[in-house]
Amino acid sequence: MFLNFFYELKNAGLPVSVKEYLTLLSAVDAGIAGKKIEHFYYLSRASLVKDERHLDKFDRVFGQVFKGLESVGEGIEAEIPEDWLRKLTERFLTDEEKAQVEALGGWDKIMEELKKRLEEQKERHEGGSKWIGTGGTSPFGAYGYNPEGVRIGQHGNRNFRAVKVWDKRDFKDLDGEVELGTRTIKLALRKLRRFARAGAAEELDLDGTIKGTAHKGYLDIAFRPERRNTVKVLLFFDVGGSMDYHIKETEELFSAARSEFKHMDYFYFHNCIYEGVWKNNARRHAERVPTWDVIHTYPSDYKVIFVGDAAMSPYEIALAGGSVEHWNEETGQVWMQRMLDTFKHAVWLNPTPERYWSETPSLQMMRQIMEGRMYPLTLDGIEAAIAELLR
């Protein structure tokens, strides 16, 4: 019954053994998973995944193989989940109705109104156009529609219009071992390499050995320093939000870069660089790296590559407090400029097709900050970015 699941996990590169598969079957036969797909998910994950690095791959395969089964076998005895009932209040408006919903008119007005309504509202509210609640056209709450507002307590993004999101979200680390469909990204990145022989003489110099032996009349073994790539690369990856739609391309770039550059380090950020970045998305709230430490730790000769779609509220770039996840004392523009002042060789790779760039105001703002050094995450774009880095 689950043989296809086993084969799909193997095809995805997970080190799943036959013994582990048989253990899972024994546990299912013993009734440990019960009748709920959620219980089977945790049982199979505990049985088949040995390393947390493979959790993301496992989730993707599980979702693909068992898609739609969450509603099978549970309808008779299971209660309807509360979040299903809550989302029944979602209001899907026609284009004409959406046009009638007015934005509040700016960041200061939005925050002022939110504070006022928090003080006035005394109970839960669903639908409607004013109070904080679910559904409806209010600028505050979740699962509703308003062209500009604050999203509170909603899982996922529906309209991509909120100017601030008050949720603590967890993002997954990029998989550095993802298998590329082609080797073209690696070949493109190789143009950024610059080789030199430095360090201890520990590599056999065959030509020197032959020449020395012929000249001296006896075996004269010669060594030379190993030929190494001297280019140092610093990568910053935007994760979460709209970047969830670009995971595949970003993982391919990450995997290729790790294999091509010996001197490479990376950090994650969300939407824009602020006072802190992180290296582990699961612990990003507890283990942040101050951006000042990054600036002072890495020499200015590092080549810096930002990877992101730059799709956000313009407030996140231009205003203090504009970040969707915390109160930033200084604007994202200030922090981006500090990075660019330190690392003169920097580019931005954008996974959004270039023909759509003009539709996003924040993208145009970030492109201006980068002084035009934004390129599409395509092979041609990567080659153009590398040419810029080598100037």
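Everything below is about the structure printed above this text.
Rules used in this analysis
- Residues numbered from 1 in each chain as written.
- Predicted model: local features only at pLDDT ≥ 70, side-chain atom pairs only at ≥ 80, totals over all residues.
- Heavy atoms only, no water.
- Buried < 20%, exposed > 50% of the residue type's maximum accessible area, 1.4 Å probe, protein only.
- Helix = DSSP H or I, 4+ residues; strand = E, 2+ residues; numbered from the N terminus.
- Pairing = 2+ DSSP bridges.
- Right-handed = clockwise from strand over helix to strand, strands pointing away.
- Axes fitted to C-alpha atoms, helices over the stretch in contact; angles between N-to-C directions.
- Parallel < 35°, antiparallel > 145°, perpendicular 65-115°, else oblique.
- Left-handed = near helix turned anticlockwise from the far one by under 90°.
- Contact = heavy atoms within 4.5 Å.
- Nonpolar A, V, L, I, M, F, W, Y, C, P; charged D, E, K, R; others polar.

## Overview of the pairing of strand β7 (residues 232-238)
Part 1 of the reasoning: Most of β7 sits inside the fold, with seven of its seven residues counted as buried.
Part 2 of the reasoning: Residues Lys-232, Leu-234, Phe-236 and Asp-238 point to one face of β7 and Val-233, Leu-235 and Phe-237 to the other, with burial holding for every one of them.
Part 3 of the reasoning: Relative to strand β8 (residues 263-269), β7 runs parallel, the two being bridged by seven bridges. Each bridged residue has a counterpart across the sheet, and for Phe-237 the counterpart in β8 is Tyr-268.
Part 4 of the reasoning: Note that the unit made of β7, helix α10 (residues 247-260) and β8 has a crossover that is right-handed.
Part 5 of the reasoning: Bridge count between β7 and strand β11 (residues 303-307): five bridges; the pairing is parallel.

## Focus: the packing of helix α2 (residues 18-29) against helix α3 (residues 37-48)
Part 1 of the reasoning: At a closest axis distance of 9 Å, the pairing of α2 and α3 adopts a crossing angle of 150°. Overall, the two elements α2 and α3 adopt an arrangement that is roughly antiparallel. In this structure, α2 crosses over α3, and the sense of that crossing is right-handed. Contacts between α2 and α3 involve Glu-20, Tyr-21, Leu-24, Ala-27 and Val-28 from the former and Phe-40, Leu-43, Ser-44, Ser-47 and Leu-48 from the latter.
Part 2 of the reasoning: Taken together, the residues of the contact of α2 with α3 sort by class into seven nonpolar, two polar and one charged.

## Focus: the environment of Phe-261
Part 1 of the reasoning: Residue position: Phe-261 is located in the loop between α10 and β8.
Part 2 of the reasoning: As a C-alpha pair, Phe-261 and Val-231 span 30 residues in sequence and 7.5 Å in three-dimensional space.

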